[in-house]
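Fold and contact review
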Amino acid sequence: MAACSVIFRLLFLLVILSASAVRVLSAGLGINYGQIANNLPSPSRVSVMLQSLNVSRLKLYDADPNVLLAFSNSNVEFVIGLGNEYLQDMTDPIKAQNWVQQHLQPHITQTKITCITVGNEVFMSNDTQLWSNLLPAMKMVYNTLVNLGLDKQVIVTSAHSFNIIGNSYPPSSGTFRQDLAEYIQAILNFHSQINSPFLINAYPFFAYKDNPDHISLEYVLFQPNPGMIDPNTNLHYDNMLYAQVDAVYSAIKAMGHTDIEVMISETGWPSKGDPDEIGSTPENAALYHSNLLNRIQAKQGTPAKPSVPINIYVFALFNENLKPGKTSERNYGLFYPDGTPVYSSGLQGYLPGIVYYSSASTINACSIFSLVILVMSYLIIA
């Protein structure tokens, strides 16, 4: 019994040490939790893992009840997703109310759901009916939240591909695509009315792989480089991500709004790709994420918004082995499904004292022994 007491105290100390060591990770950082795979750990195991890493914000692409239940009574804030396939239904007030009552209400008293994304990259589709349904669906979901008294607790928005930007250079001359102008103008008016952020999926990787002879790898990886000067503002940009964000701010301003926050709903770098996906290596992925984490930790803003710390959700938590498309699509994860890091990066440096398990079995005596040895090593070093 005395031995069990000692082990318990050592394990408790391990948790305290781990939590204090990684606390900086959560500042300004969210992670996308995609699940297009057949080998991922259970949501309950993911909950333990992420809480030990002190990750405080997760973004889903659906409203998976198993995930929301697994994170009940935790400090993790959730963005839940309402897929494009639901947009037409969401223009119907009865169907919108049913969705909210079935997917949001049962969990919101115990799980911190703070946002619903209505649709994802809708304007990447050629379906103009889908384009037309987006804003009515957003409005109907919002009105449903108002009727249920949840509009102060849960915000409504939608996530867009950076492809909606027609011109991004220089950042101060950013504009939306002309064929989308009427749709986006109305969406921006709605964001302004309900005070919700505009979400953009921004991937400097795409720009680099499409034009590696003219775009500096150092510029897209936040590495030391000369950068570029915006000739209209004289602002200096040392990385592409910040230039992309400010181009979106400029495009929004060109449509008459200066009161809407831009949030990065996805950004990342693949650790593997097809031969034509230049730059998709674990080394580059490690640099991108470690340098980005350093800037998030420093609470940096962009050159045009220096006092507004960047608000970012990294893509993605795990490699997803069933995602269609090019090899890179299945290799954006920070972690393998067994919980081990895909590559050694700055993220690794934020996670001392964390032990990963490669199966869903219960912790056995050897595992406990390993934990005890790890804690003892902490005590010896201290």
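The rules behind these values
Residues numbered from 1 in each chain as written. Predicted model: local features only at pLDDT ≥ 70, side-chain atom pairs only at ≥ 80, totals over all residues. Heavy atoms only, no water. Helix = DSSP H or I, 4+ residues; strand = E, 2+ residues; numbered from the N terminus. Buried < 20%, exposed > 50% of the residue type's maximum accessible area, 1.4 Å probe, protein only. Polar contact = N/O pair within 3.5 Å; in protein donor to acceptor, adjacent residues only side chain to side chain. Contact = heavy atoms within 4.5 Å. Pairing = 2+ DSSP bridges. Axes fitted to C-alpha atoms, helices over the stretch in contact; angles between N-to-C directions. Core = buried A, V, L, I, M, F, W, Y, C linked by side-chain atoms within 4.5 Å. Right-handed = clockwise from strand over helix to strand, strands pointing away. pLDDT = per-residue confidence, 0-100. Salt bridge = Lys/Arg side-chain N within 4 Å of Asp/Glu carboxyl O. Phe/Tyr/Trp six-rings, centres within 6.5 Å; stacked < 30°, edge-to-face > 60°. Lys NZ or Arg CZ within 6 Å of the ring centre and 35° of its normal. Parallel < 35°, antiparallel > 145°, perpendicular 65-115°, else oblique. Nonpolar A, V, L, I, M, F, W, Y, C, P; charged D, E, K, R; others polar.

1. Re the side chain of Ser158
- Its location among the elements puts Ser158 in strand 5 (residues 155-161).
- Looking at Ser158, the relative accessible area reads 0%, which means it is buried.
- Separated by 2.8 Å, the side chain of Ser158 and the backbone oxygen of Val118 make a polar contact.
- At 3.3 Å, the side chain of Ser158 and the backbone oxygen of Gly119 are in polar contact.
- Other than its neighbours up to four places away in sequence, Ser158 contacts Val118, Gly119, Leu134, Met138, His191 and Leu199.

2. A closer look at the pairing of strand 3 (residues 77-82)
- Most of strand 3 sits out of view: 5 of its 6 residues are buried.
- As defined by bridge partners, strand 2 (residues 57-59) adjoins strand 3 across 3 bridges and the pair is classed as parallel. Of the residues in strand 3, the one forming a bridge with Lys59 is Val79.
- Across 6 bridges, the pairing between strand 3 and strand 4 (residues 112-120) is parallel. Note that in strand 4 the partner of Gly81 across the bridge is Thr117.

3. Describing the sheet that holds strand 11 (residues 262-267)
- Read once around its circumference, the closed barrel built from 8 strands follows the order 1-2-3-4-5-8-11-12, with strand pairing classed as parallel. Each adjacent strand pair in this sheet contributes to an overall mean axis angle of 25 degrees, direction not counted.
- Here strand 5 pairs with strand 8 (residues 198-201) via 3 bridges, running parallel. Of the residues in strand 8, the one forming a bridge with Ala159 is Leu199.

4. Topic: the nonpolar core
- Counting residues in hydrophobic clusters, the biggest one holds 100 residues, and the most contacted among them are Phe78, Ile80, Leu104, Ile116 and Phe176.
- By residue number, the principal contributor to this core is helix 7 (residues 128-147), which donates 10 residues.
- Aside from chain neighbours lying at most four places away, what touches Phe78 is Leu58, Leu60, Val67, Leu68, Phe71, Thr111, Lys112, Ile113, Thr114 and Cys115.
- Core analysis: the second largest hydrophobic core is formed by 6 residues, Cys115, Ala159, Leu199 and Tyr313 among them.

5. Overview of the side chain of Gln244
- Along the polypeptide, Gln244 turns up in helix 11 (residues 240-254).
- Residue class for Gln244 comes out buried when judged on its relative accessible area of 8%.

6. Focus: unusual backbone geometry
- Cis geometry marks the peptide bond from Tyr169 to Pro170; its omega dihedral reads -10 degrees.
- Position of Pro170 among the secondary structure elements: in the loop between strand 6 (165-167) and strand 7 (175-176).
- Residue Ala316 is bonded to the preceding Phe315 through a cis peptide linkage, with omega at 10 degrees.
- The residue Asn195 is not glycine, and still its phi comes out positive at about 60 degrees.
- With respect to the element layout, Asn195 can be found in the loop between helix 8 (181-194) and strand 8.
- When its relative accessible area of 61% is taken as the criterion, Asn195 is described as exposed.

7. Here we look at the pairing of strand 5
- Taken across its 7 residues, strand 5 has 6 buried, putting it largely inside the fold.
- Looking at chain direction, strand 4 and strand 5 are connected through 4 bridges and run parallel. Note that in strand 5 the partner of Ile116 across the bridge is Val156.
- Following the chain from strand 4 across helix 7 to the adjacent parallel strand 5, one finds a crossover that is right-handed.

8. Some details on the confidence of the model for the chain
- A residue-level look at the chain finds 83% of positions with pLDDT of 70 or above and a mean pLDDT of 87.
- Below a pLDDT of 50 lies the segment residues 3-27, which in the model reaches 38 contacts outside its immediate sequence neighbourhood of four places, other chains included.
- Below a pLDDT of 50 lies the segment residues 347-382, which in the model reaches 58 contacts outside its immediate sequence neighbourhood of four places, other chains included.

9. Observations concerning the pattern of salt bridges
- Per the counting criterion, the structure on display carries 8 salt bridges.
- We note a salt bridge from Glu329 to Lys323, for which the minimum N-O separation is 3.5 Å.
- Judged by its relative accessible area of 25%, Glu329 is partly exposed.
- One continuous salt-bridge network, built from bridges that share partners, spans Asp274, Asp276 and Lys326.

10. Let's talk about the packing of aromatic side chains
- For the structure on display, the rule yields 17 aromatic pairs.
- Note on Tyr142 and Phe190: the rings are 5.9 Å apart at their centroids and 85 degrees apart in plane angle, and the pair reads as edge-to-face. Placement of the pair is Tyr142 in helix 7 and Phe190 in helix 8, with a sequence separation of 48 residues.
- One aromatic cluster is present, built from ring pairs that chain together Tyr61, Tyr203, Phe205, Phe206, Tyr208, Phe222, Tyr242, Trp269, Tyr288, Phe315 and Tyr332.
- Above the ring of Tyr249, the side-chain terminus of Lys305 is found at 4.8 Å from the ring centroid.

11. Observations concerning the packing of helix 7 against helix 8
- At their nearest, the axes of helix 7 and helix 8 sit 11 Å apart, and the two run at 10 degrees to each other. Considered as vectors, helix 7 and helix 8 are oriented roughly parallel to each other. Only Tyr183, Ala186, Ile187, Phe190, His191 and Ile194 of helix 8 make contact with helix 7, whose side of the interface consists of Thr128, Trp131, Ser132, Leu134, Leu135, Met138, Lys139 and Tyr142.
- Split into classes, the residues belonging to the contact of helix 7 with helix 8 amount to 10 nonpolar, 3 polar and 1 charged.

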